[in-house]
Amino acid sequence: MAAKKLYESFSKGLIEDVHKWGSMKQTGVSLKYMMEFGSRPTPRNLLISSQFLHKELPIRIARRAIDLQNLPYGLSLKPAVLKVRDWYLDSFRDLRSFPDIKDQTDELEFTRMINLVKVRHNNVVPMMALGVQQLKKDLDPKIDYKDLDEIHQFLDRFYMSRIGIRMLIGQHVALHDPNPPPDCVGYIHTKMSPLEVARTASEDARSICLREYGSAPNVNIYGDPNFTFPYVPTHLHLMVFELVKNSLRAVEERFVDSDKVAPPIRIIVADGLEDVTIKVSDEGGGIPRSGLPKIFTYLYSTARNPLDEHSDLETTDVATVSTLAGYGYGLPISRLYARYFGGDLQIISMEGYGMVLMLICIYRGWEIRKSPYLDI
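Residues numbered from 1 in each chain as written. Predicted model: local features only at pLDDT ≥ 70, side-chain atom pairs only at ≥ 80, totals over all residues. Heavy atoms only, no water.

(A) Focus on the sheet that holds strand β2 (residues 188-192). The three strands are arranged β1-β2-β4 in an open sheet whose pairing can be described as antiparallel. Looking at strand neighbours, the two that pair on one side only are β1 (184-185) and β4 (229-231), the edges of this open sheet. (Pairing = 2+ DSSP bridges. Helix = DSSP H or I, 4+ residues; strand = E, 2+ residues; numbered from the N terminus.)

Pasting the structure below:
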């Protein structure tokens with residue numbers, strides 16, 4: 001059925017082109033290169049950048065479209081996954097039908113087009129989550145999550161690639177800003193304050209907690225307010241937001257019927273010789289040791305899934321269905337964002353007490369310790 005729909009919606013020539021481009025080698029781009037190249041956004045450099053993306057983006061998008069067509073356990077046949085596949089094929093067609101970029105007029109038109117591609121894919125994560133939920137309803141409940149490792153590996157690869165595609169497009173588009181914020185090179189802030197980002201992300205997470213429960217634990221943040229390092233603020237915001245959101249929910253639900261005041265979430269920002277470590281700790285009770293292997297899977301969540309109530313996400317922005325928990329994607333996605341630039345996310349659970357979540361961001365030496373994930 002999926003194959004039939006594929007050929008009904010898209011020409012045979014387009015599908016053959018997808019497989020041709022999907023077999024080509026990708027080109028990795030480091031954070032250092034993006035910073036150095038983006039620091040001089042001259043018309044010539046922007047033209048070179050657009051010409052690179054004109055060739056690179058179809059390769060990356062074609063690979064993901066092929067993957068979406070060949071998923072195990074019938075995941076490719078789920079309506080939500082078919083929708084995502086169509087988005088990727090539409091984007092591939094738009095990129096391949098765009099003529100060679102020869103001058104500034106072409107470059108500006110191309111930039112507008114790839115920005116629309118980026119917007120088209122805004123809801124890929126919740127739509128794929130819906131597809132996974134559709135799959136879970138059809139699976140034998142006795143199946144162990146670790147037995148679905150093929151799906152977990154695909155989703156890790158798929159979402160890591162999505163981070164890379166959106167980083168490349170977003171960086172190119174941002175370089176066209178005639179009045180960029182101070183110390184910013186496109187998406188990259190060369191003097192980003194992790195303390196300030198953590199504060200903003202915590203406030204955003206608390207606002208959702210207040211909306212869900214009517215109250216929210218305080219968040220105490222410790223660290224050097226003058227410390228800065230080069231990073232992508234939107235990436236760090238997403239990661240800290242998800243970690244704090246996880247802790248807020250755990251604490252709120254543990255103390256909801258208690259006469260005690262809910263203890264605060266604690267965030268410590270430590271700047272080391274090579275890494276920035278952000279520790280988020282709570283007293284939300286932790287989870288059993290048997291549950292730890294499931295934390296980074298995409299088929300596990302201890303909360304209700306909000307997508308059951310929002311099955312049509314085609315025209316709905318992610319923010320409109322944002323809840324405190326339920327997707328089961330917050331921690332695995334956050335780990336991918338950390339790993340994209342060579343960092344990591346580690347979790348320690350103290351059952352009966354709480355959780356410690358360690359977010360590690362590499363900043364000194366990243367120019368020589370290029371993450372293998374940058375090629376994805």
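We are not done yet, so read on.
(B) Molecular detail of unusual backbone geometry. A positive phi angle is found at Tyr73, which is not glycine, with a value near 60°. Within the secondary structure, Tyr73 is located in the loop between α4 (43-68) and α5 (79-97).

(C) Representation of the sheet that holds strand β5 (residues 265-271) in the model. In space, the five strands of this open sheet follow the order β3-β5-β6-β8-β7, with mixed pairing throughout. On the outer flanks of this sheet lie β3 (219-222) and β7 (344-350), each paired with one strand and no other. Taking the axes of each pair of neighbouring strands and ignoring which way they run, one obtains an average angle of 15° across the sheet. Sheet topology note: the β5/strand β6 (residues 275-281) ladder contains six bridges and is antiparallel. Note that in β6 the partner of Arg266 across the bridge is Ser281. In the packing of helix α9 (residues 194-213) onto the sheet, contacts are made with β3, β5 and β6, and the angle to β3 comes to roughly 175°. Strand contacts of helix α10 (residues 233-254): β3, β5, β6, β7 and β8 (354-362), with the helix running at about 175° to β8, the strand carrying the most contacts. (Axes fitted to C-alpha atoms, helices over the stretch in contact; angles between N-to-C directions. Contact = heavy atoms within 4.5 Å.)

(D) Structural view of the pattern of salt bridges. By the definition in use, this model includes 15 salt bridges. The shortest N-O distance in the salt bridge between Lys78 and Asp138 comes to 2.4 Å. On the criterion of sequence distance, the pair formed by Lys78 in the loop between α4 and α5 and Asp138 in helix α7 (residues 124-138) is long-range, its members being 60 residues apart. Lys78 sits in the buried class, given a relative accessible area of 14%. The salt bridge involving Asp94 is made with Arg120; its shortest N-O contact spans 2.8 Å. (Salt bridge = Lys/Arg side-chain N within 4 Å of Asp/Glu carboxyl O. Buried < 20%, exposed > 50% of the residue type's maximum accessible area, 1.4 Å probe, protein only.)

(E) Structural detail: the pairing of β5. The pairing of β3 with β5 spans four bridges and is classified as parallel. Residue pairing in the sheet places Ile221 in a bridge with Ile267 of β5. Between β5 and β6, which pair antiparallel one after the other, the connecting turn spans three residues.

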